[in-house]
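Next come the chains, spelled out residue by residue.
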Amino acid sequence: MPVNPADSPVFGTLYGSDAMRAVFDDRAFFQQMLDVEAALARVQARLGIIPADAALAIGQAAGVQNLDTTELAASVRNVGYPVVGLVKGLSRAADAIAPGAGRWTHWGATTQDIMDTAIVLQSRDGLELLRRDLLAVVIALADRAAAHRRTLMAGRTHLQHALPITFGLKCAVWLAPLIAHIERLDQLRPRLARVQFGGAAGTLASLGERGIAVMEALAAELGLAAPLAPWHVARDGFAEAVSFLGLVCGSLAKIAFDIILLAQTEVAEVAEPHIAGRGGSSTMPQKRNPIASEYVLAAARGVQALVPLMQGAMAGDQERATGPWQSELLALPQTFVLTHGAVLQARAIAEGMVVDAERMRRNLDATGGLIMAEAVMMGLAPHVGREAAHHIVNHACDVALSERVALAEALAREPAVTEKLDRAAIARLTDPAGYLGSADAFIDRVLEAARRIV
């Protein structure tokens, strides 16, 4: 098994996705670096800095198949970075196409320019994958919120019955942060998708007065923004991206935790979609464990543990960091892979969850109407004052609990209640469907926000 199970051919489907691994694997990383080198050669040829035939040869040679993996590995072990070996292999391949072309590779660039820009391109692709599947979760939860806006259930605070809500409202509460995350993704993308090109110490001195022109042309060639200044030691873009992924995972973990609680045998209001054998036990044939939710929680904890590493890497010393920068590679690809795994698990839950509306109603009624105590108190308060109403209804609740009778019956025994409220009023105040407040309006607000991003 690989050190990281997210990269395992066996465990990888639980912790990540092949699509995101393909964005960040070694082959993709080296190809992105070659793409940056080829783009640099093209723009420098257009600006008359290097010969056009050399740029053409460099572009033709910039395929990962032209690199010797064994040679690259030896170079990385010796140098500590992959770009020296990459440039050597690229130059050799370019020379084979046009003798002498290789000496124009990597003109005016430094290792971190190529690596950082390649990681930006990978991160941009990773965000596109995440956005697509996160949007699918939004659409599925919006459908659930609309379909279950009248499905009554117990709202729970401190894991105790609190007030009646609807499952539609619960789905809307799950949904709202995901809408905000898509907005955050769209807002952070321009801050992340910036070319890195500063040369040896961030001055581009090797290009004379043409450094900024090359930087801006390279950015345009790669579909990236040009930064105000090189960001070799200003790592806020990558740190923000990983911090954002931590937020996404936090919101998905809330959904997963709720699903786990709602799927408990004694609650049994919502279940993950069932596939034969999914979430099964090696010894207990009856088990249907909430396995997707469990892996959402696992991924979230993994991602959130890596956020401090990325934020700590922002403290880069002087003009090139001695350690913080190198630690980013331990965190950034992992966070993308784990987050996409969490999103895909959440998507499966949102699109396939099984909702038991009858069980929700039975659980809502399980306390004999005690969940409506606040409604009764507020109905009585205009007659006797809020504090007195609280005391009266609290006493009725104690009676209902001790004698195991319905709240409506306990209220009907209270002279302080019956002097102000007849049985019809008590029945109305103890009907959960009549005490939903702004639940419908909140659902509408969230659904409207969802429609704006879909």
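Residues numbered from 1 in each chain as written. Predicted model: local features only at pLDDT ≥ 70, side-chain atom pairs only at ≥ 80, totals over all residues. Heavy atoms only, no water.

Caption draft 1: Representation of helix 4 (residues 52–61) within the structure. Within helix 4, burial applies to A54, A55, A57, I58 and A61. The arc that holds the buried residues of helix 4, viewed along the axis, is 165 degrees, so those residues lie on one side. For helix 4, the exposed residues set more than 90 degrees away from the buried face come down to A52, D53 and L56. (Buried < 20%, exposed > 50% of the residue type's maximum accessible area, 1.4 Å probe, protein only. Helix = DSSP H or I, 4+ residues; strand = E, 2+ residues; numbered from the N terminus. Arc of directions from axis to C-beta.)

Caption draft 2: Highlighting the layout of surface pockets. Considered as a void within the structure, the largest pocket measures approximately 650 Å³ in volume. Taken together, 24 residues form the lining of the largest pocket, with F24, D26, F29, L329 and P333 sitting closest to its centre. At the level of elements, helix 2 (18–24), helix 3 (26–46), helix 7 (111–147) and helix 12 (324–352) are the ones that each hand at least two residues to the lining of the largest pocket. Here the lining of the largest pocket gets eight residues from one element, more than from any other, and that element is helix 12. The residue makeup of the lining of the largest pocket, split by class, is 15 nonpolar, five polar and four charged. (1 Å grid on protein atoms, 1.4 Å probe; cavity = no way out; pocket = protein on both sides within 12 Å on 5 of 7 lines; lining within 4 Å. Points joined across faces, edges and corners; volume = space filled by probe spheres on them. Nonpolar A, V, L, I, M, F, W, Y, C, P; charged D, E, K, R; others polar.)

Caption draft 3: Geometry of the nonpolar core. With 125 residues, the main nonpolar core has M33, L141, F167, W174, L175, F197 and M353 as its most contacted residues. By residue number, the principal contributor to this core is helix 7, which donates 17 residues. L175 has contacts with V138, L141, A142, V446, L447 and A450, leaving out every residue within four places of it along the chain. One finds A381, A396, L407 and L411 within the second-largest nonpolar core, a separate group that totals 22 residues. (Core = buried A, V, L, I, M, F, W, Y, C linked by side-chain atoms within 4.5 Å. Contact = heavy atoms within 4.5 Å.)

Caption draft 4: Fine view of the pairing of strand 1 (residues 152–157). One ladder, built from five bridges, connects strand 1 with strand 2 (residues 160–166); its direction is antiparallel. Note on strand 2: the bridge partner recorded for A154 is P164. The antiparallel hairpin formed by strand 1 and strand 2 contains two residues in its connecting segment, where H158 sits at a positive phi of about 55 degrees. (Pairing = 2+ DSSP bridges.)

Caption draft 5: The arrangement of helix 15 (residues 386–403) in detail. Between its first and last C-alpha, helix 15 extends 26 Å over 18 residues, near the 26 Å set by a 1.5 Å rise per residue. Within helix 15 the residues assigned to the buried category are A389, I392, V393, A396, C397, V399 and A400. The buried residues of helix 15 occupy an angular sector of 160 degrees when the element is viewed end-on, so they sit on one face. Facing away from the buried side of helix 15, by more than 90 degrees, are the exposed residues E387, H391, L401 and S402. Residues of helix 15 that are buried sit in contact with helix 14 (373–384), helix 16 (407–412) and helix 17 (415–418). (Expected span 1.5 Å × (residues − 1).)

Caption draft 6: Expanded view of the packing of aromatic side chains. Using the criterion set out here, one finds seven aromatic pairs in the structure. With 6.2 Å between their ring centres and 55 degrees between their planes, F29 and F30 make a pair best called tilted. When the centroid spacing of 4.7 Å and the interplanar angle of 40 degrees are considered together, the rings of W104 and W107 count as tilted. Its relative accessible area of 16% is what places W104 among the buried residues. (Phe/Tyr/Trp six-rings, centres within 6.5 Å; stacked < 30°, edge-to-face > 60°.)

Caption draft 7: Geometry of the pattern of salt bridges. Tallied over the full model, the rule gives 24 salt bridges. Across the pair E351 and R347 runs a salt bridge, and its minimum N-O distance is 2.9 Å. On the criterion of helical spacing, the pair formed by E351 and R347 is a turn pair, its members being four residues apart in helix 12. Between E448 and R452 there is a salt bridge, and its shortest N-O distance comes to 3.9 Å. (Salt bridge = Lys/Arg side-chain N within 4 Å of Asp/Glu carboxyl O.)

Caption draft 8: Just empty space enclosed by the protein, in detail. In total, this model carries one cavity of 30 Å³ or more according to the counting rule given. Taken as a whole, the largest cavity spans an internal volume of roughly 30 Å³. Looking at the largest cavity, the residues that line it are V137, L141, I255, A346, I349, A350 and M353. Looking at the lining of the largest cavity, the elements that each hand over two or more residues are helix 7 and helix 12. A per-element tally of the lining of the largest cavity places helix 12 first, with three residues.

Caption draft 9: Quick peek at the environment of A315. Following the sequence through the fold, A315 ends up in the loop between helix 11 (291–312) and helix 12. With 202 residues separating them in the primary sequence, A315 and D113 have C-alpha atoms 18 Å apart.

Caption draft 10: Fine view of unusual backbone geometry. Notably, A268 is not glycine yet its phi reads approximately 55 degrees, a positive angle. Positionally, A268 belongs in the loop between helix 10 (236–262) and strand 3 (270–271).

Caption draft 11: The arrangement of the side chain of T105 in detail. Within the element layout of this structure, T105 appears in the loop between helix 6 (83–97) and helix 7. Take T105: its relative accessible area is 9%, and that puts it in the buried class. Within the structure, T105 has its side chain in polar contact with the backbone oxygen of G102 (distance 2.9 Å). If we ignore the near neighbours within four places in the chain, the residues touching T105 are I58, V87, L90 and S91. (Polar contact = N/O pair within 3.5 Å; in protein donor to acceptor, adjacent residues only side chain to side chain.)

Caption draft 12: Fine view of the environment of P324. In this structure, P324 sits in helix 12. Taking the relative accessible area as the measure of exposure, P324 reaches 19% and is therefore buried. Through-space distance from the C-alpha of P324 to that of M314 is 7.1 Å; in sequence the pair is ten residues apart. Those residues in contact with P324 that lie beyond four places of it in its chain are A313, A315, G316 and D317.

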